Amino acid sequence: MKALFALASVACLILTWSSPAQAKVQIENVQACYGPYGPERKSLDLYPFDVLFMRFTVTGLPTAAAGNVDAVIKMRWADAKGNVLDETTYPLSGILHLGGNSFLAFVQLRMPAEIAVGKNTVTVTVTDNLSKESASFERQFTGHKSKLQIVALEFFHDAEGKLPSSTNLPPGEPLHFRLRVIGFDRSKEKIHTVMAVQTVDADGKENLPKPLLFDFHEEDARAVQRTGFVFFTGRVGLNRVGKFTLRITVTDRMTDQSTKIEVPVNVTAP
């Protein structure tokens, strides 16, 4: 079976805590998430053109004389029948500037235009090149056929999407996001989708008098047939401290069907 396209990447940027020097390699605090530092992703239902991020803490790796770790991460993706759809290995290295022997890492799996419907299994293994010890975890997700859906949601510090961000930020810092919309109607050789952005406070009150609207039209029949997803970007200004919800709703104007996603945003004083 031909392997489907997937891309894994690794980051070891954030020290979490120290552990005894003789501790074994372990993987802890595994979370599916929206982007490497974004909020937790509760649902493991995936669709075409979606992106699955998983972050985790690696502990117990010994360090070389310069204070760096030297390991590899292997990601294996298989369908319900056990057919391997993708298998990739990447180096995992860097200096632990704050000492200790633990750090945050992540992998990402990008869904192709056609994905294996039903149960899929992702296995991630971290192997230390110094001690030759390994640790691994396994997660299952469900692949679905295309329907009107928001996928591949990620958050950034910048409009260009070069600096991934969490949704826990101080006031005054903008929160940028991007996403894809799939499953829109194209039977009339047109695409018309609208993204509405609203924020909600801790009491459930909408903060904006009206949602911010972002409109996408395409009426070139050839372009419509070639378009697999609509790409939207947006920005939210964080002007006050508090706990909020970012609500993103996308409507297909050709059918008047809608889909939405909600994620927490925490604005804390610096």
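Parameters and conventions
- Residues numbered from 1 in each chain as written.
- Predicted model: local features only at pLDDT ≥ 70, side-chain atom pairs only at ≥ 80, totals over all residues.
- Heavy atoms only, no water.
- Helix = DSSP H or I, 4+ residues; strand = E, 2+ residues; numbered from the N terminus.
- Rg over C-alpha atoms; globule rule 2.2 N^0.38 Å.
- Buried < 20%, exposed > 50% of the residue type's maximum accessible area, 1.4 Å probe, protein only.
- Core = buried A, V, L, I, M, F, W, Y, C linked by side-chain atoms within 4.5 Å.
- Pairing = 2+ DSSP bridges.
- Contact = heavy atoms within 4.5 Å.
- Phe/Tyr/Trp six-rings, centres within 6.5 Å; stacked < 30°, edge-to-face > 60°.
- Lys NZ or Arg CZ within 6 Å of the ring centre and 35° of its normal.

Novice: Help me out: how do you make sense of the overall build of the protein in this one?
Specialist: Within the protein one finds one helix and 16 strands. The globule rule puts the C-alpha radius of gyration for 270 residues at 18 Å, and the 21 Å found for the protein is close to it. Taking the principal axes of the C-alpha coordinates as reference, the protein spans close to 60 × 50 × 30 Å. A total of 270 residues make up the protein; the buried ones form 44% of that total.

Novice: When you look at the nonpolar core in this model, what are you seeing that I'm missing?
Specialist: Nonpolar side chains in soluble globular proteins tend to end up buried together. Core analysis: the biggest nonpolar cluster contains 30 residues, and Phe56, Phe103, Leu109, Val122, Val124, Val126 and Phe141 have the highest contact counts within it. Elements represented by at least two residues in this core include exactly β1 (26-33), β3 (51-59), β4 (68-78), β5 (84-95), β6 (102-110), β7 (118-128) and β8 (134-143). Of the residues forming this core, the biggest block, five residues, is contributed by β4. Membership of the second largest hydrophobic core comes to 27 residues, among which are Leu175, Val230, Phe244 and Val263.

Novice: What's the story with the sheet that holds strand β10 (residues 168-169) in this structure? I'm lost.
Specialist: Pairing between sheet strands relies on hydrogen bonds along the backbone, with the strands arranged either parallel or antiparallel. The five strands lie next to each other as β10-β16-β15-β12-β13, forming an open sheet whose pairing is mixed. Taken across any chain shown, the strands that pair with only one partner, and hence form the sheet edges, are β10 and β13 (212-218). Sheet analysis places strand β15 (residues 242-252) next to strand β16 (residues 257-267), joined by eleven bridges and oriented antiparallel. The residue bridging Gly242 from the neighbouring strand is Val267, located in β16.

Novice: What should I look at first to understand the side chain of Thr259 in this one?
Specialist: Relative to the helices and strands, Thr259 resides in strand β16. In this structure Thr259 touches Leu148, Gln149, Ile150, Ile248, Thr249 and Val250, once residues within four positions along its chain are discounted.

Novice: I'm lost on the pairing of β4 in this one. Help?
Specialist: Remark: a regular strand shows side chains that alternate across the two faces of the sheet. Here eleven bridges tie β4 to β5, and the two strands are oriented antiparallel to one another. What sits directly across from Ala71, in β5, is Leu92. Between β4 and β5, which pair antiparallel in sequence order, lie five residues; one of them, Gly82, sits at a positive phi of approximately 90°. Both β4 and β7 contribute to a ladder of eight bridges, which runs antiparallel. Along β7, the bridge assignment pairs Val72 with Thr127.

Novice: Can you help me understand the environment of Leu61 in this one?
Specialist: Checked against the element boundaries, Leu61 lands in the loop between β3 and β4. In this structure the C-alpha to C-alpha distance between Leu61 and Ala71, which are ten residues apart in sequence, comes to 8.4 Å.

Novice: Whenever I open this one, the environment of Lys260 confuses me. Can you help?
Specialist: Relative to the elements of secondary structure, Lys260 occurs in strand β16. Taking relative accessible area as the criterion, Lys260 reaches 52% and is therefore assigned exposed. In this structure the C-alpha to C-alpha distance between Lys260 and Leu130, which are 130 residues apart in sequence, comes to 47 Å. With near-sequence residues (within four places) excluded, Lys260 lies in contact with Ile150, Ile248 and Thr249.

Novice: Looking at this model, I keep getting lost on the packing of aromatic side chains. Mind explaining?
Specialist: Aromatic rings considered in pairs are described by the distance between their centres and by the relative angle of their planes. With the rule as written, the count across this model stands at four aromatic pairs. Sitting over the ring of Phe229, Arg180 keeps its end group 4.4 Å from the ring centre.

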